[in-house]
Amino acid sequence: MSLQIQKPILVGGLAVTAGFLGLDLLSHAVASNGNVLMLGTMAIGGGYWLWSKNRGAAVAQPVKIDASTLTRLSDQVKLIADQLTIEGGNSESLRQSLIQALQQADRQHYRLAVTGAARVGKTSVIAALPATDFISAQPLELTETPALFEVDGADSQISQALQQADLVVFVTNGDLTATEFAYLSKLQQRVVVALNKQDQLSPVDRDTVYQNIQRTVAGCTNQVVAIAAKPAPIKVRAISASGDVQESIEQPSIEITPLTNSLRTVLAESGAQLVLNTTYWEVDRLKDTGKAQLNELRRARALPIIEQRQWIAGAAAFANPLPALDLLATAAVNAQTIVDLSAIYQRPFSIELGQSAASAMGGLLLKLGLVEVSTQAIGSILKTNAVTYVAGGLVQGMSAAYLTRIVGLTLMEYFADLDIVATQPNPVWNPERFGTLLQQVFQANQRLTVLQEFVQQGIQRLIPDAKPQQVS
Ligand SMILES: Nc1nc2c(ncn2[C@@H]2O[C@H](COP(=O)(O)OP(=O)(O)O)[C@@H](O)[C@H]2O)c(=O)[nH]1
Ligand SMILES: [Mg+2]
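Quick look at the structure, then. (Residues numbered from 1 in each chain as written. Chains lettered and ligands numbered in written order. Predicted model: local features only at pLDDT ≥ 70, side-chain atom pairs only at ≥ 80, totals over all residues. Heavy atoms only, no water.)

Remarks on the site of ligand 1
Taken together, 17 residues lie near ligand 1, and R119, K122, T123, S124 and D199 sit nearest. Residue R119 places a main-chain N or O atom 2.9 Å away from an oxygen atom belonging to ligand 1. When isolated, ligand 1 has an accessible area of 580 Å², and the protein chains bury 81% of it. Of the residues forming the shell around ligand 1, the biggest block, three residues, is contributed by helix 5 (residues 122-128). Its residues placed into classes, the shell around ligand 1 shows six nonpolar, five polar and six charged. (Near = heavy atom within 4 Å. Polar contact = N/O pair within 3.5 Å; in protein donor to acceptor, adjacent residues only side chain to side chain. Areas by Shrake-Rupley, 256 points an atom, 1.4 Å probe, with all protein chains shown as cover. Helix = DSSP H or I, 4+ residues; strand = E, 2+ residues; numbered from the N terminus. Nonpolar A, V, L, I, M, F, W, Y, C, P; charged D, E, K, R; others polar.)

Take a look at the structure:
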């Protein structure tokens, strides 16, 4: 899973923490009765808490994955595919992938990924597992992920292996580090933690480490097992009655049963649910892919409109310089542009709504000080250019064009962010959301090089007979 670092993620992070706290409290509440604890935690684990990987939504929502949630999700993917076809895109691979993903929903074998840091014993665990009766009787696909936390780690291979797994065995060979815990607590899958290399620990250390790990991961999993997948040979010294000392090398036996027991429990109780979860997340990724494809198409249609409108606004303000900032703000936000872009993104705004949104956007540009900041920035770039002296009103023209562009790009982001398939017939107009995006887009376009390039273009557009000049 990739996590973007932005405000919504922070919200997601808090929600996740709250979720784990909830689980944690609950398991403490029933801790007096071992059986109840087990069942309680299983029941919660069986339902999957799903946090909307929000870019748009700020509120995290727990969703239980069952057959009907999967159906709803795959219906959304189908709608996206249909929409792709309607808008002239190619939806074939999305449809094929959806069919393939859904076929997995009633897959009869389980996929298990063994993961963990380098040299903790992942390969050894995989080597030890098939030898046990349970595993050999179980249709099980075992995969070892590349080692986690390596400097030049194979991140995409790791996440691919993990995404396909119904269940993850997280191997460690001592107390969990903070990094290990952070990693495993973010996994979407059910996790069994395997404390390997038991033979290297004294009996006292074994208990302490084991209990530490159990406590640490209590909010994520109740499955922690202690194993020795490939115990090191030990030297044994025997002294015979006659006093002779005989040394020999002994191979302690592999201890993997706690892990197979754990796998047996988890798979018996929730194997089908785990397969359903894997399928759900796969379909969810397809939804993202389809949405990105669709937004790509829409972007290609929206950009030329924005370009066209920005120079129209620029030329008007250039020909007829606006005396006040608020007029400039008004000139930059054009109701028709809003209506046109909303139509491309299938959230058609009426002209009335376009007008009221336009005046709200104009107010926002002023309130956030964006008109002033961009006028000044453009003015100071132009000052270094001789053309300025022959062209009064150029600052205003350029600013109107620039602000029109910023508003247009923000609208694109705004619409792209909405759920592709409108759940309500009415268009969604959320001024706060727009304001947040506006500031982000403004920031991104405020870099000197971006502005300089824009000004260069603007000179050619607004004063076509001006000789191209270097703007520094
Ligand atoms: N003492 C001991 N050594 C182990 C055990 N399991 C694995 N090892 C050793 O740890 C090293 C790394 O094991 P490997 O399975 O290759 O780890 P991986 O890098 O996580 O796949 C090897 O030298 C193994 O022999 C164990 O249970 N006890
Ligand atoms: Mg290995």
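Side note on the sheet that holds strand 2 (residues 140-144)
Spatial ordering of the open sheet is given by 2-1-3-4-5, a layout of five strands whose pairing is parallel. Each edge of the open sheet is held by one strand with a lone partner, namely strand 2 and strand 5 (224-226). Averaged over neighbouring strand pairs, the angle between their axes works out to 25° when direction is ignored. Looking at chain direction, strand 1 (residues 110-116) and strand 3 (residues 167-172) are connected through five bridges and run parallel. Bridge assignment links T115 to a residue of strand 3, and that residue is F170. Sheet contacts for helix 10 (residues 257-319): strand 1, strand 2, strand 3, strand 4 (190-195) and strand 5; angle to strand 4, the most-contacted strand, approximately 160°. (Pairing = 2+ DSSP bridges. Axes fitted to C-alpha atoms, helices over the stretch in contact; angles between N-to-C directions. Contact = heavy atoms within 4.5 Å.)

Digging into the packing of aromatic side chains
Applying the stated criterion to the full structure yields twelve aromatic pairs. Pairing Y280 with W281 gives two aromatic rings, centres 5.7 Å apart and planes at 90°, and the pair type is edge-to-face. Assessed through its relative accessible area of 7%, Y280 is described here as buried. Exposure remark for W281: the relative accessible area of 8% places this residue in the buried category. Here the aromatic rings of Y414 and F415 are separated by 5.5 Å at their centres, their planes lie at 80°, and the arrangement is edge-to-face. Side by side, Y414 and F415 carry an identical accessibility label, which is buried. Ring-pair connections join several aromatic residues into one group, and the members of that group are Y345, F349, Y414, F415, W429 and F434. (Phe/Tyr/Trp six-rings, centres within 6.5 Å; stacked < 30°, edge-to-face > 60°. Buried < 20%, exposed > 50% of the residue type's maximum accessible area, 1.4 Å probe, protein only.)

Focus on the coordination of the magnesium ion (ligand 2)
Around the magnesium ion (ligand 2), the protein contributes the donor atoms T123 (OG1) and E144 (OE), at 2.1 to 2.2 Å from the metal centre. Taken together, the residues T123 in helix 5 and E144 in strand 2 connect sequence positions 21 residues apart. (Donors = N, O, S within 2.8 Å, 3.2 Å for Na, K, Ca; no water.)

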